[in-house]
Amino acid sequence: MLRIAQLQFSSPFVLAPLAGYTDLPFRLLCRRYGAAYCVSEMISCHGLVYLHSNTVRMLNSIPEEKPVSFQLFGAEPDIMAEAAVILESYQPDMIDINMGCPVKKVTKRGAGAALMTRPDLAEEIISKIIKKVSLPVTVKIRSGKDQQNINSVEFAKMIEGCGAAAVTVHARTWAQGFSGTITPDIIRRVKEAVTIPVIGNGDILSLQDGRTLMSDTGCDGVMIGRGALGNPWLFSDTERPKSLAAITEVAKQHLQLMEQFLPAEKVLGYVKNQMCRYYKALPGCSSLRRQIFDAPTLSALKGLLTEME
Ligand SMILES: Cc1cc2nc3c(=O)[nH]c(=O)nc-3n(C[C@H](O)[C@H](O)[C@H](O)COP(=O)(O)O)c2cc1C
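Keep in mind it's a predicted model, so treat the numbers as computed, not measured.

Caption draft 1: Structural detail: the overall build of the chain. Of the regular secondary structure elements, the chain holds 13 helices and 10 strands. Over its C-alpha trace the chain gives a radius of gyration of 19 Å, about what one expects of a compact globule, namely 19 Å for 309 residues. The principal-axis extents of the C-alpha atoms in the chain amount to approximately 55 × 45 × 35 Å. In the chain, which comprises 309 residues, the share counted as buried stands at 43%.

Caption draft 2: Highlighting unusual backbone geometry. The peptide bond linking Lys66 to Pro67 adopts the cis configuration, its omega dihedral lying at 0 degrees. If you check the backbone angles, Gln91 has positive phi at about 60 degrees while not being a glycine. Its location among the elements puts Gln91 in the loop between α4 (77-89) and β6 (94-99).

Caption draft 3: Region of interest: the site of the ligand. Taken together, 22 residues form the shell around the ligand, and within it Ala16, Pro17, Met42, Gly225 and Arg226 come nearest. Per-class residue counts for the shell around the ligand are nine nonpolar, nine polar and four charged.

Caption draft 4: A look at the domain arrangement of the chain. Per the domain assignment, the segments making up the chain are domain 1 (3-236) and domain 2 (244-308). Listed by partner, the interface residues are 13 residues for domain 1 and 13 residues for domain 2. With five residues, helix α1 (residues 24-32) is the largest single contributor of residues to the side of domain 1 that touches domain 2.

Caption draft 5: Spatial organisation of the packing of helix α7 (residues 152-162) against helix α8 (residues 184-193). The interhelical angle for the contact between α7 and α8, taken along N-to-C directions, is 35 degrees, at an axis separation of 9 Å. When you trace α7 past α8, the crossing you get is right-handed. Each of Ser152, Val153, Ala156 and Lys157 in α7 lies in contact with α8, whose residues at this interface are Ile186, Arg189, Val190 and Ala193. Here the residues of the contact of α7 with α8 are counted per class, giving five nonpolar, one polar and two charged.

Caption draft 6: Structural view of the packing of helix α6 (residues 119-132) against α7. At a minimum axis separation of 9 Å, α6 and α7 run at an interaxial angle of 25 degrees. By the angle class used here, α6 and α7 are roughly parallel. In this structure, the crossing between α6 and α7 has a hand that is right-handed. Seen from α6, the contacting residues are Pro119, Glu123, Ile126, Ser127 and Ile130; seen from α7, they are Phe155, Met158, Ile159 and Cys162. Class assignment for the residues of the contact of α6 with α7 results in seven nonpolar, one polar and one charged.

Caption draft 7: Focus on the nonpolar core. Counting 81 residues, the largest nonpolar core has Val14, Leu72, Ile126, Ile129, Ala164, Val167 and Val222 as its most contacted members. Ignoring sequence-local partners within four residues, the contact set of Ile126 consists of Ile97, Val137, Val139, Ile159, Cys162 and Ala164. In terms of nonpolar packing, the next biggest core, distinct from the first, is built from 10 residues, Ile247, Leu255, Tyr278 and Leu301 among them.

Caption draft 8: Structural view of the environment of Pro17. In this fold, Pro17 is placed in the loop between β3 (13-15) and α1. Overall, the presence of 25 C-beta atoms within 10 Å leaves Pro17 in the buried class. Once the C-alpha coordinates of Pro17 and Met42 are considered, the two residues, 25 residues apart in sequence, prove to be 6.7 Å apart. For Pro17, the residues in contact, after removing those within four places along its chain, are Thr22, Val39, Ser40, Glu41, Met42, Gln71 and Asp96.

Caption draft 9: Quick peek at the environment of Leu7. By the secondary structure assignment, Leu7 is in strand β2 (residues 7-8). Sequence separation of Leu7 and Pro136 is 129 residues, and the distance between their C-alpha atoms is 9.1 Å. The contacts of Leu7, once residues within four sequence positions are left out, are Pro67, Asp93 and Pro136.

Thresholds applied
- Residues numbered from 1 in each chain as written.
- Predicted model: local features only at pLDDT ≥ 70, side-chain atom pairs only at ≥ 80, totals over all residues.
- Helix = DSSP H or I, 4+ residues; strand = E, 2+ residues; numbered from the N terminus.
- Rg over C-alpha atoms; globule rule 2.2 N^0.38 Å.
- Buried ≥ 20, exposed ≤ 12 C-beta atoms within 10 Å, placed from the backbone.
- Near = placed C-beta within 6 Å.
- Nonpolar A, V, L, I, M, F, W, Y, C, P; charged D, E, K, R; others polar.
- Domains from an automatic or database assignment.
- Contact = placed C-beta atoms within 7 Å.
- Axes fitted to C-alpha atoms, helices over the stretch in contact; angles between N-to-C directions.
- Left-handed = near helix turned anticlockwise from the far one by under 90°.
- Parallel < 35°, antiparallel > 145°, perpendicular 65-115°, else oblique.
- Core = buried A, V, L, I, M, F, W, Y, C linked by C-beta atoms within 7 Å.

What follows is the structure, given as structure tokens:
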């Protein structure tokens, strides 16, 4: 059973943080289908400290989705600690620190995966956050900067030494971005080196894939990202339904949650992004997706979904 600090989870399968996707509606849906817990989109420490409205909106949560983890990104230790205190006041169950994002916008400021090249700075960030908050703090990392600089084992030991409650390892390097394949052995080596829970991540498309990763590496849990997009069924260990009607039923449920919890002016854009994922694997999907993208209004989009039922 997966345990992180005092928290016990009914499943070892966790929804990964996915910017642009893991908002409250999608997290709720994945929890309903059985995800152990979900991680929010990455939240900027500056956005939090300056209380930017778009950042504060990301903290929207309701009791039904608990337990939930909010993820923080940034590179300045004092600002990260200040932001973590604000994050804690919104009462998530855990705080995760992003040390794995390879996106330029994030790494050029020294945050995300760039922190794996500066372990001293990373250590200062983690320690300062842990000193300031009482929630369990977890850290999400990659295998290292590139094939010549794999440092996940030493990095994970540093994370454990700071008092973090768990570490997630996306077993690709920063240089790999999202291409190529993961190296499961990296997860195995991290698991052997630390005593805190290790969550393996990368390329998991079914719970069976996840079980294999756990038995191959000994990791305590598995984080699933892209495989869950348009596919929350994954967490209930069932295959994506084959019929358009069955898929549309869940797509509509997702749409309804988005209308309920997202600001009206944002819904159409978000909905299109998420809805297209549902129809990815179906015959004729490209024309379906085009129709979704071309829908001028939310009611036109709803009409389209009703026709698909
Ligand atoms: C669209 C997208 C957005 C992502 N956003 C985040 C993020 O906000 N924070 C983070 O730590 N990782 C982020 N990731 C990385 C994922 O959490 C995960 O580590 C990666 O996709 C590998 O897992 P997967 O193969 O199951 O997708 C993102 C990945 C994608 C594709």
